[in-house]
Each structure stands twice: as C-alpha cells, then as structure tokens.
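# Close look at the chain arrangement
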Amino acid sequence: MNVHIEKAQAILRANDKGGYTVPTARLYPFQWNWDSAFVAMGWQTFDEPAAWREVESLLEGQWDDGMLPHIVFHTASDQYFPGPDVWGTHHAPPTSGITQPPVLASAVARLIAKAHDKDLAEAKAAAIYPRLLANHRWWSRARDPHQTGLVAVLHPWETGMDNSPAWDTAFARVPTQTTTVVKRRDTSHVDAGHRPHDIDYQRFIHLVDCYREAGWDPARMWKAAPFKVADVSINAILARAEADLLGLAVSYGTAAEQAEIAQRAAQMKQAIATLWQPKLGLFGSHDLIADAPIEVATSAGFLPLYADAADAAQVASMGATLDRWRAQVRVLVPSTPPESPVFEPLRYWRGPVWAVVNWMIADGFARAGDAVRAQQILAATRSAIEQAGFGENFDPLSGVAGGGGTFSWTAAIYLLLT
C-alpha cells in the first residue's frame, strides 16, 4: 500500500473520537459540519460503517427546524473558543448557533454511489434522507426568506472561509464591541501568522453576541444581522447538494418532494448566473446589505463549476483565469491569487491552498468537460500532500503546510484522489 494512504488512514483513526472525527487534535477538538461531510467520504474508502457513523454523529446536532450547526460539542474541552457557554443554544448535544457549507447531501449521494455494502447504504440513506430534506428546507426558509434563489450567510464562519478578503468591506461594518470576553485558543496551537487577526475575532464574537441575543431565531437574526452576504461558494455547494438530494428523493422521497427540490435547484442555478463577474473571469459574492457585487477574486469563484451553473463561455474564461494564477504559484489553487494586493500566502483564507476546495473545483472542471485542468488541480493537490504532509492548508508559493497538522479533511481528500 502507498505509504501516504497508510498515513491518511492513520490520521482518520487517530482523530476518531468514537463515531465522529475531529479536524485535528487541540486546535479543533469537536465535530465540524463540512469537515465531517468530506471525512465521511474519506472513511468510506477503507471503513464503510465508519463513514455512516460520521454522518449520523453530525446529524445528532441537527435542530428541530432543520438547521445543521457548524459545530457539535459532543464532549467538553477548554482548548477551543468560543465554546458552548458562549453560544448558549441550549441544544442537546451542545452546538453552535450558525451553520456551514451544506456538503452533506452530496457526501451521502457519493456514499451510496460508491457503496460496497449496498444493503447498509440503502438502510442508512433511507433514514438520513428526511434529515437532509429538512436541512435544505431550512436554508430556503431561513436564509432566502424573499425566495430570490440565493441564500445568505449571516456570519463569515458560515462560509467556512472565515477571513476571506471577499468579506473585508462587508465585515468592516460589523462593530468590534462584544459582551463576551474574547479568549482566543487558536494562536496557542498554531502560528498566529496563519490565523485571522484579533480584530477579526472581535467582530466574529460581536456577531455571536448579536444572534444569541436574538435567541437564535432565524427571523430575528435576519432582521438584526449586520453582516449579510450571498456567498458564491455556499450557493454553489447548495445548488449541487440540491441536485444530489433530488437523486436521493427519487429513491427515498415522494413525487411532491422531487418537484419541490427540482424547483429550488433550477431557481438556484438561474440566480447563481447573476453572480458572474466578467472582469474577474470568475463568479463573485454579493453584499446584500449594500446591495453591491463583491469584486474580489478568490478560489470560491470557481465553485459554480461544481454546481453545473456555468455556461461554455464562462467555463473558458475561468480556465484562462486558472492558467493565469498557475503562472504565479507553485501549488494550485490559491484561495486568493498572488496578484491580489491582499494576498497572504499562509494566513488562513487569504492565500493558502485548501485540498477540499481543490477537489470541488477539479470536479467542476471535469463536469464541464475540461479534464486537463481538472487533472492539473488534482495532481497539484496530491503532490502538495505527498511533499509537505497532511496540513490544514498549503502555501501556494513554497508548498509548505500551514495551519493545523494531521488534518482530517486533507487526509480524506488524499484518499479520494488515490
């Protein structure tokens, strides 16, 4: 067996806390939403029951209204801030009060498609499908109350791309005052130069305070939100998830549910088309409070490919953009290109390469018929991991690993690539 496959499997086993997998020890000691979706797909390559346990553990945190929180606090730990006491959601098990990119339906669809134990997969999927449907209905109801076809995020953490430069202008409007004492733990585990700045955390926690005061009620949160963005990555990931959920509905749902999902999926793809930004050669997000496009190039701008939401001319333009970026880096795909004045090669989402984003972008190029660029991205991802290890992310200029080490979703993506 490939030594890197052995290491990847060992990382998942080491980070398994008894039915759920932490992203990495100490830095992220709980279960994270979109991490677990990718991790489940990685588990399936060598331990299919563990893949289904991962999904089921994540769903233990789902709220009655369908919301799937971004963190599930299965056990106590003082290694992470903000913990359950700050969130104050009063859920059992304790959870955060916001969500994260909705990859789960797509992960479940893949678990079924790649299943070796078909009976296990059918039984698990039949039980899980209603929970996925409830989550997608929550997105439509809570985060697109005017039914525009584009869902909003109310906190940068919901995007999974916490300090992306795409949020700079909208996030700067969020006050820095908090009613919670900020006690960062992340910078005691990894280099502070790899993490968001202190002022970012002041604003992150201001939003937590704001929504906690709103009782985590979606309507009150929507009204109170000082940060409200139609994030292109969330919308692309959800549009793809709706298409995958529709496939599940054919097997496990009703005709009415199939029609409902198909309608949402079609509307989302049409709405994503409005996010195209020709000057960037990419799609972009939209600031809903300012009602203005966010004209900042990030790797998220490629993700409509993953949702089959780009036309042929846009695919060609994004291919040219990728080629231009490739000339500037050692490792594709930087979260922010070096040509950007705000590029930082190792600071979280302001430059580093992320294996999970690469995997989705490559999938998108492949679906669009551009197998060459898809393979370039996958080869770059595989090479970065083999040379630098299973880091949280990678410096696109040097290839060195950044952030936390022995990272679960990086290990999972490697397993999907081999």
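See above for the structure.
Residues numbered from 1 in each chain as written. Predicted model: local features only at pLDDT ≥ 70, side-chain atom pairs only at ≥ 80, totals over all residues. Heavy atoms only, no water.

### Comments concerning the sheet that holds strand S6 (residues 286-287)
Judged by pairing direction, the sheet is antiparallel, and its three strands sit side by side in the order S3-S6-S7 without closing on themselves. The open sheet has two edge strands, strand S3 (229-230) and strand S7 (292-293), and neither has a second partner. (Pairing = 2+ DSSP bridges. Helix = DSSP H or I, 4+ residues; strand = E, 2+ residues; numbered from the N terminus.)

### Looking at the packing of aromatic side chains
Two aromatic rings are characterised by how far apart their centres lie and by the angle between their planes. For the structure shown, the criterion picks out 30 aromatic pairs. For the pair Tyr348 and Trp349, a centre-to-centre distance of 6.5 Å together with 80 degrees between the ring planes defines the contact as edge-to-face. Taken as a pair, Tyr348 and Trp349 share a single burial class, namely buried. Between Trp354 and Trp409 the ring centres are 6.1 Å apart and the planes differ by 90 degrees, which places this aromatic pair in the edge-to-face class. Taken together, the residues Trp354 in the loop between helix H13 (312-326) and helix H14 (355-367) and Trp409 in helix H16 (residues 408-417) connect sequence positions 55 residues apart. Judged on exposure class, the residue Trp354 and its partner Trp409 are both buried. For Arg195, the ring lying beneath its charged end belongs to Tyr348, and the centroid distance is 4.5 Å. Lying across the ring of Tyr306, Arg240 places its NZ or CZ 4.4 Å from the centre. (Phe/Tyr/Trp six-rings, centres within 6.5 Å; stacked < 30°, edge-to-face > 60°. Buried < 20%, exposed > 50% of the residue type's maximum accessible area, 1.4 Å probe, protein only. Lys NZ or Arg CZ within 6 Å of the ring centre and 35° of its normal.)

### A few points about the environment of Lys124
Of note, Lys124 is situated in helix H6 (residues 118-143). Sequence separation between Lys124 and Arg373 is 249 residues, and the spatial gap between their C-alpha atoms is 35 Å. Apart from the residues lying within four places of it in its own chain, the contact partners of Lys124 are Trp52 and Glu56. Of note is the side chain of Lys124, whose polar atom sits 2.9 Å from the side chain of Glu56. (Contact = heavy atoms within 4.5 Å. Polar contact = N/O pair within 3.5 Å; in protein donor to acceptor, adjacent residues only side chain to side chain.)

### What to know about the nonpolar core
If you look at the biggest cluster of nonpolar residues, it comprises 142 residues, and the most contacted ones within it are Phe38, Leu104, Val108, Phe227, Phe302, Trp359 and Phe365. Ignoring any residue separated from it by four or fewer positions in sequence, one finds Trp359 in contact with Phe38, Met41, Arg110, Leu378, Ile413, Leu416 and Leu417. (Core = buried A, V, L, I, M, F, W, Y, C linked by side-chain atoms within 4.5 Å.)

### Focus on unusual backbone geometry
The omega torsion of the bond from Ala92 to Pro93 falls at -5 degrees, within 30 degrees of zero and hence cis. The residue Pro93 is located in the loop between helix H4 (84-87) and helix H5 (104-113) in this model. Here the residue pair Leu332 and Val333 is connected by a cis peptide bond, since its omega of -10 degrees sits within 30 degrees of zero. The backbone of His90 sits at a positive phi, close to 60 degrees, despite the residue not being glycine. Take His90: it is sitting in the loop between H4 and H5.

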